[in-house]
Protein chains: 2
Amino acid sequence: MLKEQLIECHQRIKPYIHNTPILTSRSINEITGSELYFKCENFQKIGAFKMRGATNAILQLSEEQRGRGVVTHSSGNFAQALALAAKSLGVKAFIVMPSTAPQVKKDAVAGYGGIIIESEPTFLARENTAKQVEQNEGATYVDSSNDINVVKGHATACKELLENQSNLEYVFAPVGGGALISGTALAAYCFGNNCKVIGGEPFEVDDAYRSLQSGKIESNSTTNTIADGLKTELGDITFPILQKYVDRIIRVTEEETVIAMRLIWERMKLVVEPSAAVALAALLKQKQLFKNKKIGIILSGGNLDLNKLPF
Amino acid sequence: MLKEQLIECHQRIKPYIHNTPILTSRSINEITGSELYFKCENFQKIGAFKMRGATNAILQLSEEQRGRGVVTHSSGNFAQALALAAKSLGVKAFIVMPSTAPQVKKDAVAGYGGIIIESEPTFLARENTAKQVEQNEGATYVDSSNDINVVKGHATACKELLENQSNLEYVFAPVGGGALISGTALAAYCFGNNCKVIGGEPFEVDDAYRSLQSGKIESNSTTNTIADGLKTELGDITFPILQKYVDRIIRVTEEETVIAMRLIWERMKLVVEPSAAVALAALLKQKQLFKNKKIGIILSGGNLDLNKLPF
């Protein structure tokens, strides 16, 4: 049932997304002692996997809903993803962005045809502004992670990875709002051959790790991480999927993330954002446990400010 | 005859090199107004196309010559390429490096099994040291660019590009010592369909541009360019090939190189070195001449110090 749903989802979004390349690195294999397959979602449209879920969410709307548009609040990759997915499908996208968001991010969203609505930079203000747009425009709210259609869309990255490498024993993905790791875990469950999914999460925003420990959704009181895509927290849709399908979460320090990021840039010649490097950082941290294993790594995205690199 | 030689060369080196991916970028196409195919030699072994020519040069030696090893002087990508190519083929490689070369470069050469011989940092001292190694060890000298077997090896990058995209109207490549652009031009002549080859060269080291103007090999009195792979000059083997087969050279400023490099990093998520960006910079500079053309771009390599980025 779930398997069929993911197959249908993949069919549905295929015309609008890239089947991104899977790359390998002999030198990183030597460092980890395992056999790694990197799914390069930094090459995805808008430079991140979020294009997958955003596209699926819009395609699941009725004609009438599409006619009234979609709305989300995000200052990150999901803002661009929803804007471009909507544009590709002839749908209006209202993107609530904090007034403090960098101009370059606003320009990117506007460049993809998104209609930017500014709000005060608090979470509550952003949520309220989005609700107003829902009411005023009749637009459908699409959450950047706590939405089952977004989760299923994101699952297609791991599905493609397993279609290419069917005998992966593990897949590592970063954990932010939980939609990517949830989708990855669902795909591994449906299409893998006893393939376990492991999350990487920064200590500085380890809400998902703590949530799995305590059995309830935990929050972060601070978000001092370079992995700015991972500052969001789990929701009532993603959390139960993590509980049921994710093997475990490995936490990493900021320094470990930067080391992993540098390794990917230097050895693989790929521009990846810090959030993407967290998955490899998690593997590097416990590499002795994964010797000789065949492992997939979801490189989630490559959007970052080249003027603010950590090296 | 030449065509058969290049086909044989490609067969010879295939087991030791990567057939690197060819990537496209919708957003860079929009900027240039043309249809671009980027040959990603930054994904080549050792991170640069030089692996091709180095491998071919060693494979063309007799058994006896191979037994005595090879020697070159280089502090750049060719040093690593010759070291790794030699290692793959069970041949000793003596690499003459200036005593002032960064430790990271020495480590890379040593990591590939190269035997490092230090010399004073002048060109003359490096040449003399290499000659001593030739005499003492009986090793065969392999020049980093002015060697027809190196040129033919490098030609295989453009050959692969044309096998994938047979109707390219132009191929752009950077110009340093001239081996890459020579090989590219030979491959375009043999395997292209009236495909012209255009070089990109920094104004700061425009010896090749001036050589084509004057009809004799010109030198650079200074080499103040960020494109450190392009500081070398033409030789008596590469220059006549440029004269006969290269359509023209377009010169670019340092700033234009950095803009092109940033575009490749941001839009394509690829780590490329400044020298590689010079080819795209040349196209950007005269993009109005190439509207709607189908163009190959050789992204020559991705080796650079992440601590010294120009942005």
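Note: the structure precedes this text.
Since the model is a prediction, treat every value here as computed from it, not as a measurement. (Residues numbered from 1 in each chain as written. Chains lettered and ligands numbered in written order. Predicted model: local features only at pLDDT ≥ 70, side-chain atom pairs only at ≥ 80, totals over all residues. Heavy atoms only, no water.)

*Asks:* I keep staring at the overall build of chain A and nothing clicks. Help me out?
*Replies:* Helix and strand counts for chain A come out as 13 helices and ten strands. In terms of overall dimensions, chain A has C-alpha extents of about 55 × 40 × 40 Å along its principal axes. When contacts within chain A are restricted to residue pairs at least 6 apart in sequence, long-range pairs at least 24 apart make up 72% of them. For chain A, the computed accessible surface area is about 12,200 Å², with 46% contributed by carbon and sulfur atoms. Of note, chain A has its 34 positive side-chain charges centred 5 Å away from the centre of its 33 negative side-chain charges. (Helix = DSSP H or I, 4+ residues; strand = E, 2+ residues; numbered from the N terminus. Contact = heavy atoms within 4.5 Å. Areas by Shrake-Rupley, 256 points an atom, 1.4 Å probe, with all protein chains shown as cover. Lys, Arg positive; Asp, Glu negative; His and termini not counted. Charge placed at Lys NZ, Arg CZ, Asp CG, Glu CD.)

*Asks:* How do you make sense of helix α1 (residues 2–13) of chain A when you look at a structure like this?
*Replies:* The α-helix winds at 3.6 residues per turn, so residues separated by three or four positions along the chain end up facing the same way. Residue and element names in this part refer to chain A. Its twelve residues place the ends of α1 17 Å apart at the C-alpha level, agreeing with the 16 Å of an ideal helix rising 1.5 Å per residue. Turning to α1, its buried residues number three or more, namely L6, C9, H10 and I13. One side of α1 carries all its buried residues, which in axial view fall inside an arc of 100°. Residues of α1 that are buried in the fold lie against α3 (50–59), α8 (148–164) and α9 (179–191). (Expected span 1.5 Å × (residues − 1). Buried < 20%, exposed > 50% of the residue type's maximum accessible area, 1.4 Å probe, protein only. Arc of directions from axis to C-beta.)

*Asks:* What should I look at first to understand the interface of chain A and chain B in this one?
*Replies:* With 20 residues of chain A at the contact, the number on the chain B side is 20 residues. At the boundary of chain A with chain B, total buried surface from both sides reaches about 1,600 Å², with 62% on carbon and sulfur atoms. The tally of links between chain A and chain B comes to zero salt bridges. Where chain A packs against chain B, one counts eight residue pairs in polar contact (both at pLDDT 80 or more). When the residues that make up the side of chain A that touches chain B are grouped by side-chain class, the tally is nine nonpolar, five polar and six charged. (Buried area = accessible area lost by both parts, 1.4 Å probe. Salt bridge = Lys/Arg side-chain N within 4 Å of Asp/Glu carboxyl O. Polar contact = N/O pair within 3.5 Å; in protein donor to acceptor, adjacent residues only side chain to side chain. Nonpolar A, V, L, I, M, F, W, Y, C, P; charged D, E, K, R; others polar.)

*Asks:* Sorry if this is basic, but what is going on with the nonpolar core here?
*Replies:* Most often, soluble globular proteins keep nonpolar side chains buried together rather than apart. Among the nonpolar cores identified, the biggest contains 78 residues, and A:F172, A:W265, A:L280, B:F172, B:W265 and B:L280 are the most heavily contacted of them. Those residues in contact with B:L280, other than ones at most four positions away along the chain, are B:I28, B:L36, B:F38, B:A260, B:L263, B:I264 and B:I297. (Core = buried A, V, L, I, M, F, W, Y, C linked by side-chain atoms within 4.5 Å.)

*Asks:* When you look at the pattern of salt bridges in this model, what are you seeing that I'm missing?
*Replies:* Where charged atoms from two side chains of opposite charge approach closely, those side chains can pair. What the rule picks out here adds up to 26 salt bridges over all chains. Between B:E64 and B:R68 there is a salt bridge, with the nearest N and O atoms lying 2.6 Å from each other. Here the residue B:E64 and the residue B:R68 both occupy positions in helix α4 (residues 63–68), the gap between them amounting to four residues, near one helical turn. Judged by its relative accessible area of 56%, B:E64 is exposed. Taken together, the salt bridges that share partners define one network made up of A:K39, A:E41, A:R52 and A:E160.

*Asks:* So what exactly am I meant to see when it comes to unusual backbone geometry here?
*Replies:* With the exception of glycine, the majority of residues adopt a negative phi angle, and the majority of peptide bonds are in the trans configuration. In this structure, A:I46 takes a positive phi of about 60° despite not being glycine. For A:I46, the position within the fold is in the loop between β2 (35–40) and α3.

*Asks:* Can you help me understand the sheet that holds strand β6 (residues 140–141) of chain B in this one?
*Replies:* Hydrogen bonds along the backbone pair up the strands of a sheet, which may run parallel or antiparallel. Residue and element names in this part refer to chain B. Taken in spatial order, the four strands of this open sheet run β5-β4-β3-β6, and their pairing is parallel. Edge strands, defined here as strands with exactly one partner in the open sheet, are β5 (115–119) and β6. Relative to strand β4 (residues 93–98), strand β3 (residues 70–73) runs parallel, the two being bridged by four bridges. Within the sheet, the bridge partner assigned to T72 lies in β4 and is I95. (Pairing = 2+ DSSP bridges.)

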